[in-house]
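Observations on the model geometry
Now for the letters of each chain:
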Amino acid sequence: MPADRPEVQEIDAATAKAWVDAGEAVLLDVREHQELEQARIDGAVHNAMSTFDFENIPKDSGKKVIVMCAHVMRSLQVADYLLSQNMLDEAYSMTGGIVAWAQAGFPCEHG
């Protein structure tokens, strides 16, 4: 990996929520469709990892892109790939994913 390539920055759910609430960031949810039926975050852009659509990346909004999944593995992989392909200048992965978001008491839609 080239030394000048940016690395994925990991942030916690509280930081992600603060950035989203301030209008500074957008959530990119890479969980699968059936996982959305269990819980989802209102306003997050859904783009399942298994059918990832490179046209559906909120990169032109001027906002930080926070990739999230159920826990953290997929979000790190997707964020790293987007950086490696120069699709984003910076990328964030929400540690703990939607599980950490829900455990922090932040709103989720269920069902």
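In what follows, the structure referred to is the one given above.
Residues numbered from 1 in each chain as written. Predicted model: local features only at pLDDT ≥ 70, side-chain atom pairs only at ≥ 80, totals over all residues. Heavy atoms only, no water.

1. What about the nonpolar core?
Among the nonpolar cores identified, the biggest contains 17 residues, and I66, M94 and W101 are the most heavily contacted of them. Counting only elements with at least two residues in this core, the list comes to helix 1 (13-21), strand 2 (25-29), strand 4 (64-68), strand 5 (92-94) and helix 4 (97-103). Not counting the four nearest positions on each side in its chain, M94 is found in contact with I11, D12, A13, A16, I66, V67, M68, H71, V72, S75 and W101. Listed in part, the 16 residues of the second largest apolar core include V26, F52, V67 and L82. (Core = buried A, V, L, I, M, F, W, Y, C linked by side-chain atoms within 4.5 Å. Buried < 20%, exposed > 50% of the residue type's maximum accessible area, 1.4 Å probe, protein only. Helix = DSSP H or I, 4+ residues; strand = E, 2+ residues; numbered from the N terminus. Contact = heavy atoms within 4.5 Å.)

2. Observations regarding the pairing of strand 4
The element strand 4 is largely enclosed, with a buried count of 4 among its 5 residues. With 5 bridges connecting them, strand 2 and strand 4 associate as parallel partners. Looking across to strand 4, one finds that V26 is bridged to V65. Both strand 4 and strand 5 contribute to a ladder of 2 bridges, which runs parallel. Bridging across to strand 5, I66 finds its partner in Y92. Of the crossover connections in this fold, the one passing from strand 4 over helix 3 (residues 73-84) to the parallel strand 5 is right-handed. (Pairing = 2+ DSSP bridges. Right-handed = clockwise from strand over helix to strand, strands pointing away.)

3. Some remarks on the side chain of S93
Note that S93 resides in strand 5. A polar contact of 2.7 Å, which involves the side chain of S93, links it to the side chain of S75. Leaving out residues up to four positions away in the same chain, S93 has contacts with V8, Q9, E10, I11, V67, V72, S75 and L76. (Polar contact = N/O pair within 3.5 Å; in protein donor to acceptor, adjacent residues only side chain to side chain.)

4. Brief notes about the pattern of salt bridges
One pass over the structure, following the stated rule, counts 5 salt bridges. The partner of E24 in a salt bridge is K64, and the shortest N-O contact between them spans 3.9 Å. Remark: K64 occurs in strand 4 and E24 occurs in the loop between helix 1 and strand 2; sequence separation between them is 40 residues. (Salt bridge = Lys/Arg side-chain N within 4 Å of Asp/Glu carboxyl O.)

5. Side note on the packing of aromatic side chains
Going through the model one piece at a time under the given rule, you end up with 4 aromatic pairs. Here F52 and F54 contribute two aromatic rings whose centre-to-centre distance is 5.1 Å and whose plane-to-plane angle is 70°, an arrangement assigned as edge-to-face. Ring-pair connections join several aromatic residues into one group, and the members of that group are F52, F54 and Y81. Of note, K64 hangs over the ring of W19, and the distance from its end group to the ring centre comes to 3.7 Å. (Phe/Tyr/Trp six-rings, centres within 6.5 Å; stacked < 30°, edge-to-face > 60°. Lys NZ or Arg CZ within 6 Å of the ring centre and 35° of its normal.)

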